[in-house]
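Okay, here's what each chain looks like letter by letter:
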Amino acid sequence: MSTLTYAAHDSMTMLRRNLKHAIRYPAVGFGTAATPILMLLLFVYAFGDSIGAGMGGGRDAYLNYLTPGIIIMGVAAGSMSTSIAVCTDMTEGIINRFRTMNITRSSFMTGHVIGSVIQTMLSVVLVVGVALAVGFRPDASPVEWLAAAGLLAAIAFAVTWLSAALGLISKTVESASNKPLLVQFLPFLGSAFVPAESMSPGLRWFAEYQPFTPMTETLRGLLTGTAIGNDGWISLAWCAGIALVGYVWSRSLFNSSTTR
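Just so we're clear, the structure is a prediction, and the values are computed from it rather than from any experiment. (Residues numbered from 1 in each chain as written. Predicted model: local features only at pLDDT ≥ 70, side-chain atom pairs only at ≥ 80, totals over all residues. Heavy atoms only, no water.)

A word on the overall build of the protein
Moving on, step 1. Helix and strand counts for the protein stand at 12 helices and 0 strands.
Moving on, step 2. Secondary structure elements of the protein occur, N-terminal to C-terminal, as α-α-α-α-α-α-α-α-α-α-α-α.
Moving on, step 3. Put simply, the protein has 260 residues, and 45% of those count as buried.
Moving on, step 4. In the protein, of all internal contacts separated by at least 6 residues, the share reaching a separation of at least 24 is 79%.
Moving on, step 5. Surface summary for the protein: the accessible area is close to 12700 Å², and the carbon and sulfur share equals 68%. (Helix = DSSP H or I, 4+ residues; strand = E, 2+ residues; numbered from the N terminus. Buried < 20%, exposed > 50% of the residue type's maximum accessible area, 1.4 Å probe, protein only. Contact = heavy atoms within 4.5 Å. Areas by Shrake-Rupley, 256 points an atom, 1.4 Å probe, with all protein chains shown as cover.)

Written out as structure tokens, the structure reads:
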């Protein structure tokens, strides 16, 4: 077999390992979806009427506005489990066993990343299901749903690579669970909950130029028919940049750790 074939085979082995861990400990996957679901219910039922009225609509209109941002938040929340899983493997001895085996070095990180993306996408399905149950009514066509799924997969892939690097630099599982919190709550400081133009000037500037705002606006446009403009291309550029930084950083950290 070629080197590429060996790498793909080893990556699939590591992927199966991570998916088996996810099945064995389902609370981790449900925990990823729990935060965005609770935020959805809180903002819709506690603040939906007042915020919706301020935006020129009611609770139902605000639910349609809010749900794409909550979905993006759910994707970002998946980064925590990746960081924890990578740190656990690096600190609890299993990595020493892998070093003695004839496996492709890159397969360890690839298996973690692909497994986490799959888990994140499944949690997104759960978030969308709850949103539909409480009244979310998208008007997306099948092609737009497919484009939305592709966008979410790209965001999950990018954020997961960054999270993997955060797991590698963490010395304990506790610190690994804290480092991705900024990524998880960055959508708060974007247009997920309220339009960026309604914010104060300084916060508005930050919201407009941080990565999760164009991602949220793109998903909102695909699902509810609002204007997307250049946000789609900007979102893909952010995904590519974040994924590249996370991949290069993770590879450098992992290679340096396995050569010591």
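What follows continues from the structure just given.
A look at the side chain of Ser163
Moving on, step 1. Mapping Ser163 onto the fold places it in helix α7 (residues 142-169).
Moving on, step 2. Setting aside residues no more than four positions away along its own chain, Ser163 makes contact with Ser79, Met80, Thr82, Ser83 and Pro180.

Some words on the packing of aromatic side chains
Moving on, step 1. In this structure the tally under the stated criterion is 8 aromatic pairs.
Moving on, step 2. Ring geometry for Phe43 against Phe47: centres 5.4 Å apart, planes inclined by 65°, an arrangement best described as edge-to-face.
Moving on, step 3. For Phe43, a relative accessible area of 15% puts it in the buried group.
Moving on, step 4. Seen from their ring centres, Tyr62 and Tyr65 are 6.4 Å apart, and the 20° between their planes marks the pair as stacked. Placement of the pair is Tyr62 and Tyr65 together in helix α4 (residues 59-91), with a separation of 3 residues, close to one helical turn.
Moving on, step 5. The class for Tyr65 is buried, based on a relative accessible area of 13%.
Moving on, step 6. Taken together, the ring pairs in this structure connect Phe43, Phe47, Phe185, Phe188 and Phe193 into an aromatic cluster. (Phe/Tyr/Trp six-rings, centres within 6.5 Å; stacked < 30°, edge-to-face > 60°.)

Some words on the pattern of salt bridges
Where side chains of opposite charge bring their charged atoms close, a pairing between them can arise.
Moving on, step 1. This structure, assessed with the given rule, holds 3 salt bridges.
Moving on, step 2. A salt bridge links Glu208 to Arg204, with the shortest nitrogen-to-oxygen separation between them at 3.0 Å. Pair noted here: Glu208 and Arg204 are both in helix α10 (residues 201-209), with a separation of 4 residues, about one helical turn.
Moving on, step 3. For Glu208, a relative accessible area of 36% gives the class partly exposed.
Moving on, step 4. Classification of Arg204 as partly exposed rests on a relative accessible area of 35%.
Moving on, step 5. When the shortest N-O distance is used, the salt bridge between Arg220 and Glu217 registers 2.8 Å. Highlighted residues: Arg220 and Glu217, both in helix α11 (residues 212-224), separated by 3 residues, approximately one helical turn.
Moving on, step 6. Residue Arg220 is classed as buried on the basis of its relative accessible area of 2%. (Salt bridge = Lys/Arg side-chain N within 4 Å of Asp/Glu carboxyl O.)

Some points on the confidence of the model for the protein
Moving on, step 1. On average, residues of the protein score 85 in pLDDT, and 88% of them reach the 70 mark or higher.
Moving on, step 2. Ranking the elements of the protein by mean pLDDT puts helix α5 (residues 94-99) last, at 68, and α11 first, at 95. (pLDDT = per-residue confidence, 0-100.)

Notes on a nonpolar patch on the surface
Moving on, step 1. On the surface, Leu189, Leu203, Trp205, Phe206 and Tyr209 cluster together into a nonpolar patch covering about 520 Å² of accessible area.
Moving on, step 2. With respect to the secondary-structure elements, Leu203 resides in helix α10.
Moving on, step 3. Taking the relative accessible area as the measure of exposure, Leu203 reaches 35% and is therefore partly exposed. (Patch = residues over 30% accessible without salt bridge, like charges linked within 9 Å, V, L, I, M, F, W, Y side chains within 5 Å.)

Some details on the side chain of Ser191
Moving on, step 1. Along the chain, Ser191 falls in the loop between α9 (181-185) and α10.
Moving on, step 2. In this structure Ser191 comes out as buried when scored by relative accessible area, which is 1%.
Moving on, step 3. Separated by 2.8 Å, the side chains of Ser191 and Glu217 make a polar contact.
Moving on, step 4. Discounting chain neighbours no more than four positions away, the residues touching Ser191 are Tyr65, Ala196, Thr213, Thr216, Glu217 and Arg220. (Polar contact = N/O pair within 3.5 Å; in protein donor to acceptor, adjacent residues only side chain to side chain.)

Comments concerning the packing of α4 against α7
Moving on, step 1. Packing of α4 against α7 brings their axes to within 7 Å, and their N-to-C directions diverge by 35°. Handedness of the α4/α7 crossing: right-handed. Together, Ile71, Ile72, Val75, Ala76, Ser79, Met80, Thr82, Ser83, Val86, Cys87 and Met90 of α4 and Leu152, Ile155, Ala156, Val159, Thr160, Ser163, Ala164, Leu166, Gly167 and Leu168 of α7 make up the contact between the two elements.
Moving on, step 2. Classifying every residue of the contact of α4 with α7 by side-chain character gives 15 nonpolar, 6 polar and no charged. (Axes fitted to C-alpha atoms, helices over the stretch in contact; angles between N-to-C directions. Left-handed = near helix turned anticlockwise from the far one by under 90°. Nonpolar A, V, L, I, M, F, W, Y, C, P; charged D, E, K, R; others polar.)

Description of the nonpolar core
Moving on, step 1. One finds Leu66, Ile71, Met109, Ile155, Phe193, Phe212 and Leu219 to be the most contacted residues of the largest nonpolar core, which totals 52 residues.
Moving on, step 2. No other element matches α4, which puts 12 residues into this core.
Moving on, step 3. If sequence neighbours within four positions are ignored, Leu66 has contacts with Leu40, Phe43, Val44, Ala192 and Phe193. (Core = buried A, V, L, I, M, F, W, Y, C linked by side-chain atoms within 4.5 Å.)

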